[in-house]
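In case you want the letters, here they are:
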Amino acid sequence: MRILIVEDEEPLADAIARGLRREGMAVDVALDGDEGHEKASVTRYDVVVLDRDLPGMSGDELCREIVASGALTRVIMLTASGSVADRVEGLSLGADDYLAKPFAFDELVARVRALARRSTPVTPPVLRAGDVELDPARRTVTRAGTQVELTRKEFGVLEVLLAASGSVVSSEELLERVWDEHADPFTTTVRVTVMTLRKKLGEPGIIDTVVGSGYRVPAAARVE
């Protein structure tokens, strides 16, 4: 999943970003409202973690802009004030969730994951293709009951392909969904990651290459 953190306290923003990346998420960071607005305008994020008190465009205004855009992006607001009035005001702006500082990181992760599930079409809690099973919550992949150890990027690619329900996913979309803004759009990293993923999953292969279009896990390989 792709996450944007808009937080002007750089040490806090970096700490949240590092933690979410350890959870397998692709994370971008903006240190003021204007930068956050620019990033949110050009990239489809699953969740924006948004501080209310920002320099430049305020968090409230940015929240309104995201909601008005009609994007499926979900917004969780962070604020130093956790009063009922502040929570009500934040939610009335269109935010999907609200978390007062200081907060437990595990709670933030749980809330981000819950919001991300609402930003995409409904998918089963466990994704399957043949004898391959991927559990997004537990971050595990098995084949014929045997654990398959994947890197975060390999796991992310497989998750996106399985969630696509047989549709073709382009390299560009995989790069956007699994990597962050620092990824080189001209890199071969997607192709290399798919290659290593195929090797780890073994035979018979479940990932097809659609020449000129991208990759897919055929519907015939999937078990509903």
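Residues numbered from 1 in each chain as written. Predicted model: local features only at pLDDT ≥ 70, side-chain atom pairs only at ≥ 80, totals over all residues. Heavy atoms only, no water.

J.: Help me understand the sheet that holds strand β9 (residues 146-147) in this model?
T.: Strand pairing in a sheet is mediated by backbone hydrogen bonds. Such pairs are either parallel or antiparallel. Pairing is antiparallel across the open sheet formed by four strands, whose spatial order is β6-β7-β8-β9. Each edge of the open sheet is held by one strand with a lone partner, namely β6 (127-129) and β9. Sheet topology places strand β7 (residues 132-135) next to strand β8 (residues 140-143); four bridges connect them, and they run antiparallel. The partner of L134 across the bridge, within β8, is V141. Across the sheet, helix α6 (residues 152-163) is in contact with β6, β7 and β8; its angle to β7 comes to roughly 105 degrees. (Pairing = 2+ DSSP bridges. Helix = DSSP H or I, 4+ residues; strand = E, 2+ residues; numbered from the N terminus. Contact = heavy atoms within 4.5 Å. Axes fitted to C-alpha atoms, helices over the stretch in contact; angles between N-to-C directions.)

J.: Teacher, can you tell me more about the pairing of strand β3 (residues 47-51) here?
T.: Here is the key point about a regular strand: its side chains alternate between the two faces of the sheet. Most of β3 sits out of view: five of its five residues are buried. Covered by surrounding structure in β3 are V47, V49 and D51 together with V48 and L50, the residues of both alternating faces. By the bridge criterion, four bridges tie strand β1 (residues 2-6) to β3 in an arrangement that is parallel. Each residue of the ladder has a partner; that of L4, found in β3, is V48. The pairing of β3 with strand β4 (residues 74-79) spans five bridges and is classified as parallel. Note on β4: the bridge partner recorded for V49 is I76. (Buried < 20%, exposed > 50% of the residue type's maximum accessible area, 1.4 Å probe, protein only.)

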